[in-house]
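# What the coordinates show
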Amino acid sequence: MARKVALLLWDDLVLQVPVPALLEGDMVTLRCRGWWDKSVTSVSFYHDEKKVWELRDGTELSLSNLQLQHSGRYRCEGLVQSWFSVRSSVSSPVTVTVHELFSVPVLEGPPELTEGSPLTLICLSTPSLLRPQAPLLYVFYRDRQVVGGPQWSPQLLVPTVGISHSGNYSCQVRSEGVALRKSSSQLRVTVHMPVANATITPGPLSHQVRSGDPVTLRCSVQVGSAPVTFTWLHNGQEVARGPLLELRDIDVGHSGTYQCVATNQLGQDGHRVFRALSPELALTVTTGSPWVTAVAVNVGRTLLFLLLLLAVIGGCHWWHHRGAPQRRSRCWTLVSWAPSTQGMSTGSDRVTSPMGVASHLGPHNRCLSQGPHRCPPALPHLGIHK
């Protein structure tokens with residue numbers, strides 16, 4: 001009988017928890033009291049056998065803004081005053097459970113997008129069945145900067161995305177009136193850009209090169225997400241692939257139009273293909289230097305003119321010795337004006353050939369060009385007698 005009384009005296013303390021089901025953000029008061037309202041002093045509280053609080057005066061421990069880590073086994077210890085003495089006593093352990101007010105959010109959305117398409121992100125969080133109507137607020141972040149909210153809707157919509165919308169997205173759920181916040185893991189969103197503005201360098205859009213010279217053409221795009229592939233067309237037919245087209249020991253067969261086609265595939269499975277066609281580049285291959293060719297043509301024309309001029313002078317000379325004076329005058333008139341008929345510029349007293357050689361007509365030739373009756377009676381220095 002004495003043994004049973006000792007056991008009862010050892011359990012003189014009891015720990016009281018008023019609410020058995022607790023949620024995150026709630027507040028609870030733990031009270032350590034003695035049986036039969038015995039006086040208790042110097043109370044200490046233990047959480048999972050670890051002393052967490054000690055009170056010199058009072059028997060209650062208040063826990064506010066409960067978190068999940070507050071769950072566990074609690075007990076209290078103190079000095080209990082009995083009828084005959086004061087002794088230390090320990091309460092039996094009490095289990096305290098803190099439930100989630102809402103689950104950790106998960107951000108859902110497409111990791112890859114094409115420029116110009118819409119972006120929809122959903123922040124998913126499940127409220128507790130113990131308090132299903134708890135009001136929740138949602139905030140959206142990109143690279144730790146707020147891009148949406150706080151708002152009641154768990155959805156973020158971007159109508160048209162660009163390259164600037166790429167980044168690491170996350171969302172945060174907050175309980176109204178309670179300092180409770182939970183954040184999701186980051187979701188990497190990449191915005192892909194179709195290829196555009198393909199160009200060929202070097203410019204301009206036409207080139208003239210000599211046979212045997214090397215030619216290197218480069219194709220590039222102003223915008224476009226990698227990887228980008230390049231295809232070269234010669235007169236509309238595919239001839240090579242890659243950003244560079246190297247033509248070595250070219251000949252006239254390489255003449256024609258050249259274009260490059262830039263291509264990239266977007267989407268998670270690459271089902272969307274985009275292409276950009278460059279302007280045409282006209283390439284002309286000559287067998288020699290254009291300057292040398294032009295000089296050769298001009299020299300040939302000059303030699304032909306000189307041969308014709310010598311033939312005319314020779315014929316007139318023969319006619320001078322064999323013909324009548326009237327014929328001779330007409331012959332000299334023909335010789336005097338022959339250069340102008342060959343596209344040569346004439347002055348008042350000379351003719352200039354394409355080679356810059358001036359031929360003086362002299363006074364007698366000028367008078368003959370105006371008719372025999374305008375000439376002086378005789379020109380001995382030419383061997384002509386009227």
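In the block above lies the structure referred to throughout.
Sequence order as written defines residue numbering, which begins from 1 separately in each chain. Restriction of local features to residues with pLDDT of at least 70 applies here, the model being predicted, together with a cutoff of 80 or more for giving and counting side-chain atom pairs; totals for whole chains, interfaces and linings are based on all residues. Here the side-chain values reflect all heavy atoms present in the structure, with hydrogen atoms and water set aside.

### A word on the sheet that holds strand 21 (residues 215–223)
Threshold: Two strands are said to pair when DSSP picks up at least two bridges between them. Numbering of helices and strands starts at the N terminus; helices are DSSP runs of H or I of at least 4 residues and strands are runs of E of at least 2. Orientation is described by lines fitted to C-alpha atoms, with helices fitted over the stretch in contact, and by angles between N-to-C directions that extend from 0 to 180 degrees.
Taken in spatial order, the 3 strands make up an open sheet running 19-21-24, and their pairing is antiparallel. Among the strands making up the open sheet, the edge pair consists of strand 19 (196–201) and strand 24 (244–247). Ignoring strand direction, the axes of neighbouring strands in this sheet form an average angle of 15°. In this structure, strand 19 lies alongside strand 21, joined through 5 bridges in antiparallel fashion. Pairing of Ala196 across the sheet is with Val223, part of strand 21.

### What to know about the state of the cysteines
Rule in force here: We call a pair of cysteine sulfur atoms a disulfide when they lie within 2.5 Å. The cut-offs for exposure are 20% and 50% of the maximum accessible area for each residue type, with area from a 1.4 Å probe on protein chains only; residues under the lower value are buried, those over the upper are exposed, and the others partly exposed.
Taken as a whole and judged by the stated rule, the model has 3 disulfides. Two residues, Cys32 and Cys76, share a disulfide whose sulfurs are 2.1 Å apart. Around the S-S axis, the bridge from Cys32 to Cys76 shows a dihedral of about 70° and counts as right-handed. Residue Cys32 is located in strand 3 (residues 28–34), and its partner Cys76 is located in strand 7 (residues 72–81); the two are separated by 44 residues in the primary sequence. Each of the two residues, Cys32 as well as Cys76, counts as buried. Residue pairing for Cys219: its cysteine sulfur links by disulfide to Cys260, the two sulfurs lying 2.0 Å apart. Across the S-S bond linking Cys219 and Cys260, the dihedral sits near 60°, which makes this disulfide right-handed. Of this pair, Cys219 sits in strand 21 while Cys260 is found in strand 25 (residues 256–266), placing the two residues 41 residues apart along the sequence.

### A word on the sheet that holds strand 6 (residues 60–63)
The 3 strands are arranged 1-3-6 in an open sheet whose pairing can be described as antiparallel. Unpaired on one side and paired on the other, strand 1 (13–16) and strand 6 mark the two borders of the sheet. Adjacent strand axes in the sheet meet at a mean angle of 15°, parallel and antiparallel pairs treated alike. Where strand 3 and strand 6 come together, 4 bridges link them in antiparallel fashion. Each residue of the ladder has a partner; that of Thr29, found in strand 6, is Ser62.

### So, the packing of aromatic side chains
For clarity, the threshold we go by: The criterion for an aromatic pair is that two Phe, Tyr or Trp rings (for Trp, the six-membered ring) have centres within 6.5 Å, with stacked assigned to planes under 30 degrees apart, edge-to-face to planes over 60 apart and tilted to the rest. A ring is scored as having a charge over it whenever the NZ atom of a lysine or the CZ atom of an arginine sits within 6 Å of its centre and within 35 degrees of its normal.
Tallied over the entire structure, the rule returns 0 aromatic pairs. Here the guanidinium or amino end of Arg75 rests over the ring plane of Tyr46, the centre of that ring lying 4.2 Å away. Cation over ring: Lys182 sits above Phe102, and NZ or CZ is 5.0 Å from the ring centre.

### Thoughts on unusual backbone geometry
Residue Pro150 is bonded to the preceding Gly149 through a cis peptide linkage, with omega at 5°. Within the element layout of this structure, Pro150 appears in strand 14 (residues 145–151). The amide bond that connects Ala226 to the next residue, Pro227, takes the cis arrangement and shows omega of 0°. By the element assignment, Pro227 lies in the loop between strand 21 and strand 22 (229–234). Positive phi outside glycine occurs at Glu49, with the angle close to 65°. Mapped onto the elements of the fold, Glu49 is located in the loop between strand 4 (40–47) and strand 5 (50–55). Although it is not a glycine, Asn65 sits at a positive phi angle of roughly 50°. With respect to the element layout, Asn65 can be found in the loop between strand 6 and strand 7.

### Here we look at the pairing of strand 16 (residues 167–175)
Of all the 9 residues making up strand 16, 8 are buried; the element is thus mostly covered by neighbouring parts of the structure. Examined bridge by bridge, strand 13 (residues 136–142) and strand 16 share 7 bridges and lie antiparallel to one another. Looking at the pairing, Tyr138 lines up with Val173 of strand 16. Judged from the 3 bridges that link them, strand 16 and strand 18 (residues 187–192) form a sheet pairing that is antiparallel.

### Looking at the pattern of salt bridges
So the rule is basically this: Here, a salt bridge means any Lys or Arg side-chain nitrogen found within 4 Å of an Asp or Glu carboxyl oxygen.
Within the structure shown, the criterion is met by 9 salt bridges. Between Arg75 and Glu49 there is a salt bridge, and its shortest N-O distance comes to 3.1 Å. Placement of Arg75 in strand 7 and of Glu49 in the loop between strand 4 and strand 5 is noted, with a sequence separation of 26 residues between them. The buried category is assigned to Arg75, whose relative accessible area is 16%. A relative accessible area of 55% means that Glu49 is categorised as exposed. Shared partners join several salt bridges into a network, and the residues in it are Glu24, Glu100 and Lys182.

### Focus on the pairing of strand 18
Within a regular strand, side chains alternate between the sheet's two faces. Relative to strand 18, strand 11 (residues 112–114) is paired through 3 bridges, and the arrangement is parallel. Among the inter-strand pairings, Leu113 is bridged to a residue of strand 18, identified as Val191.

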